Amino acid sequence: MSTLKPEEVLTFWIDEVGPKGWYDSSEALDARVRDRFLEAWQEAAEGSSGLWLTYPEGALAYIILTDQFPRNMFRDDPRAFSTDRSARAAAKVALDRDWDLKVEGAARQFFYLPLMHSENLIDQDRAVRLFCSRMPDSPSSLVHARAHREIIRRFGRFPYRNAALGRKSNEAEQRFMDEGGYGALVREMSQTART
């Protein structure tokens, strides 16, 4: 059984990896996350780590462990999304308690990402509102939140997950991906935000 403490997750992700590495798609980082946190993620997926959800920093660590780390550990694999529901539930409880406001700086966004990763438009709308109201000094994050919401508005799901989840893309989804997908949408929305 893992004896990992929430503080170890936060030290690794917030301090060691930091904002420059959070969205870096590198096998080296993915391997580091797998090596250090796979066992703890498996235990959380099986329902352990409940005590982490009793205070703000613990909840943040749990959300990172169940929402962000699987995306690093299991790229192009259905397990990347298998603990999204747990992360989303934890995020919603933390947000209801305003625990996100106890975390300063860019790390606050990890309370909102489970909503942004959701294929539910209500969650998407809430994520956009949270980035607007609680991270107003992060226009780039807001653009990404709006892009996620726009994809769910158009398709009801994220087409770029289809292959990993064994879903067949429809014609509109395939055209979207062929025309640059998420990256093209973010560039378009960034341009619009500047004008």
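Residues numbered from 1 in each chain as written. Predicted model: local features only at pLDDT ≥ 70, side-chain atom pairs only at ≥ 80, totals over all residues. Heavy atoms only, no water.

What to know about helix α4 (residues 84-96)
When the terminal C-alpha atoms of α4 are compared, their 18 Å separation across 13 residues agrees well with the 18 Å that a helix rising 1.5 Å per residue should span. Those residues of α4 lying buried are Asp84, Ala87, Arg88, Ala90, Ala91, Ala94 and Leu95. Buried residues along α4 cover an arc of 165° about the axis, so they all sit on one side. Every exposed residue of α4 that faces more than 90 degrees away from the buried side is listed here: Arg85 and Asp96. Looking at the buried positions of α4, the neighbouring elements they touch are α3 (56-73), α5 (113-116) and α6 (121-134). Positive phi appears at aspartate 98, one or two residues downstream of α4, with a value of about 60°. (Helix = DSSP H or I, 4+ residues; strand = E, 2+ residues; numbered from the N terminus. Expected span 1.5 Å × (residues − 1). Buried < 20%, exposed > 50% of the residue type's maximum accessible area, 1.4 Å probe, protein only. Arc of directions from axis to C-beta. Contact = heavy atoms within 4.5 Å.)

A look at the nonpolar core
Counting 45 residues, the largest nonpolar core has Trp13, Phe69 and Phe111 as its most contacted members. Broken down by secondary-structure element, the contributors of at least two residues to this core are α1 (6-22), α2 (27-45), α3, α4, α5, α6 and α7 (139-155). Ranked by residue count, the leading element in this core is α3, at 9 residues. Formed jointly, this core draws a minimum of three residues from each of two domains, domain 1 (1-104) and domain 2 (118-194). In this structure phenylalanine 111 touches Pro56, Ala59, Leu60, Ile63, Ala91, Ala94, Leu95, Trp99, Asp100 and Val103, once residues within four positions along its chain are discounted. (Core = buried A, V, L, I, M, F, W, Y, C linked by side-chain atoms within 4.5 Å. Domains from an automatic or database assignment.)

Observations regarding the layout of surface pockets
Estimated volume of the largest pocket: approximately 950 Å³. When residues of the lining of the largest pocket are traced back to their parent elements, those giving at least two are α3, α5 and α7. Residue composition of the lining of the largest pocket, by class: 14 nonpolar, 10 polar and 6 charged. Taken domain by domain, the makeup of the lining of the largest pocket includes at least three residues from each of domain 1 (1-104) and domain 2 (118-194). (1 Å grid on protein atoms, 1.4 Å probe; cavity = no way out; pocket = protein on both sides within 12 Å on 5 of 7 lines; lining within 4 Å. Points joined across faces, edges and corners; volume = space filled by probe spheres on them. Nonpolar A, V, L, I, M, F, W, Y, C, P; charged D, E, K, R; others polar.)

Brief notes about the domain arrangement of the chain
In terms of domains, the chain is made up of domain 1 (1-104) and domain 2 (118-194). Distance between the C-alpha centres of domain 1 and domain 2: 21 Å. The interface is formed by 13 residues belonging to domain 1 together with 8 residues belonging to domain 2. At the boundary of domain 1 with domain 2, total buried surface from both sides reaches about 850 Å², with 54% on carbon and sulfur atoms. At the junction of domain 1 and domain 2, the tally comes to 5 salt bridges. Arginine 134 is paired through a salt bridge with aspartate 98; the nearest N and O atoms lie 3.0 Å apart. At the junction of domain 1 with domain 2, the criterion picks out 4 residue pairs in polar contact (both at pLDDT 80 or more). At 5 residues, α4 tops the list of elements feeding residues into the side of domain 1 that touches domain 2. (Buried area = accessible area lost by both parts, 1.4 Å probe. Salt bridge = Lys/Arg side-chain N within 4 Å of Asp/Glu carboxyl O. Polar contact = N/O pair within 3.5 Å; in protein donor to acceptor, adjacent residues only side chain to side chain.)

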